[in-house]
Amino acid sequence: MTAGQQPSIVIIGVGNEYRSDDGAGIAVARRLRALFPTGVTILEESGEGAALIEAWQGATWVMLVDAVRSGASPGTIHRLDARATSVPTGFFHYSTHAFSVAEAVELARSLDQLPPHLIVYGIEGENFAAGVGLSPAVEQAVETVVERLAEEVRAAVARHNSLRSQSQ
């Protein structure tokens, strides 16, 4: 990235909106699209590993959101800096993805394909059965994650602008 460029920010909502709470990541992506109609790439993905790695290619900041099932209370929000720590594979074993988010991140790490900044949000799901709509606890967590991600995007842009002004 040259000094004049904005950071490339990609938000990826992962899931299946037809499997109840597995649609949490998709719901976050759709709400953020209304907040950031330009300047931020917002994608909806099924969670297939190769597609995820391809989706973040060339990005400076990637924020990925998916439903998880770790045993915590429904609606619990997990935030992991995937550059600093491994993503627990057990978090995503209830998802409908054959090759989980955790496996995609770890494969990308082994191939040196991780973006400079990769934040993974997991929203603890309650119901992964066929159906449309989120459980109340997950719906509330989606709103919280939308607020947190909006703050993180603004902070990433501000950090980039501060570094750019220092180098001029």
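On to the overall build of the protein, then. Broken down by element type, the protein carries four helices and five strands. If you list the helices and strands of the protein from N to C, you get β-α-β-α-β-β-α-β-α. Taken across its 168 residues, the protein has 46% of its residues classed as buried. Pairs at least 24 apart in sequence give 79% of the contacts found in the protein among residues at least 6 apart. Entry remark: accessible area of the protein is about 7,900 Å², with carbon and sulfur atoms responsible for 51%.

Bridging between strand 1 (residues 9-14) and strand 2 (residues 41-45) involves five bridges; their strand directions are parallel. Within strand 2, the residue paired with V10 across the bridge is T41. The β-α-β motif built from strand 1, the intervening helix 1 (residues 24-35) and the parallel element strand 2 has right-handed crossover chirality.

A few words on the sheet that holds strand 3 (residues 61-68). The five strands are arranged 2-1-3-5-4 in an open sheet whose pairing can be described as mixed. Edge strands, defined here as strands with exactly one partner in the open sheet, are strand 2 and strand 4 (77-81). This sheet shows a mean twist of 15° between the axes of neighbouring strands, independent of strand direction.

What follows concerns helix 1. The end-to-end C-alpha distance of helix 1 is 17 Å, a good match for the 16 Å that 12 residues give at a rise of 1.5 Å each. Listed as buried for helix 1 are A24, G25, I26, A27, V28, A29 and L32.

Another aspect to go through is the environment of G58. Residue position: G58 is located in the loop between helix 2 (49-55) and strand 3. For the pair G58 and Q113, spaced 55 residues apart in sequence, the C-alpha separation works out to 9.4 Å.

Here the structure, examined in full by the defined rule, presents seven salt bridges. Notably, a salt bridge pairs R30 with E44, separated by 3.0 Å at the nearest N-O pair. Residue R30 is found in helix 1, and its partner E44 is found in strand 2; the two are separated by 14 residues along the sequence. For R30, a relative accessible area of 38% corresponds to the partly exposed category.

Take the side chain of D21 next. Along the chain, D21 turns up in the loop between strand 1 and helix 1. Buried charge D21 goes without a salt bridge, the closest partner of opposite sign being R69 at 7.5 Å. Ignoring sequence-local partners within four residues, the contact set of D21 consists of A67, G125, E126, N127, F128, G133, L134, S135 and V138.

Positive phi values are uncommon outside glycine, yet S20 reaches one of about 50°. Mapped onto the fold, S20 is located in the loop between strand 1 and helix 1. One non-glycine residue, D112, lies in the positive phi region at around 55°. Of note, D112 is situated in the loop between helix 3 (101-110) and strand 5 (117-124). Given the relative accessible area of 66%, D112 is considered exposed.

Rules behind the numbers
Residues numbered from 1 in each chain as written. Predicted model: local features only at pLDDT ≥ 70, side-chain atom pairs only at ≥ 80, totals over all residues. Heavy atoms only, no water. Helix = DSSP H or I, 4+ residues; strand = E, 2+ residues; numbered from the N terminus. Buried < 20%, exposed > 50% of the residue type's maximum accessible area, 1.4 Å probe, protein only. Contact = heavy atoms within 4.5 Å. Areas by Shrake-Rupley, 256 points an atom, 1.4 Å probe, with all protein chains shown as cover. Pairing = 2+ DSSP bridges. Right-handed = clockwise from strand over helix to strand, strands pointing away. Axes fitted to C-alpha atoms, helices over the stretch in contact; angles between N-to-C directions. Expected span 1.5 Å × (residues − 1). Salt bridge = Lys/Arg side-chain N within 4 Å of Asp/Glu carboxyl O. Lys, Arg positive; Asp, Glu negative; His and termini not counted.

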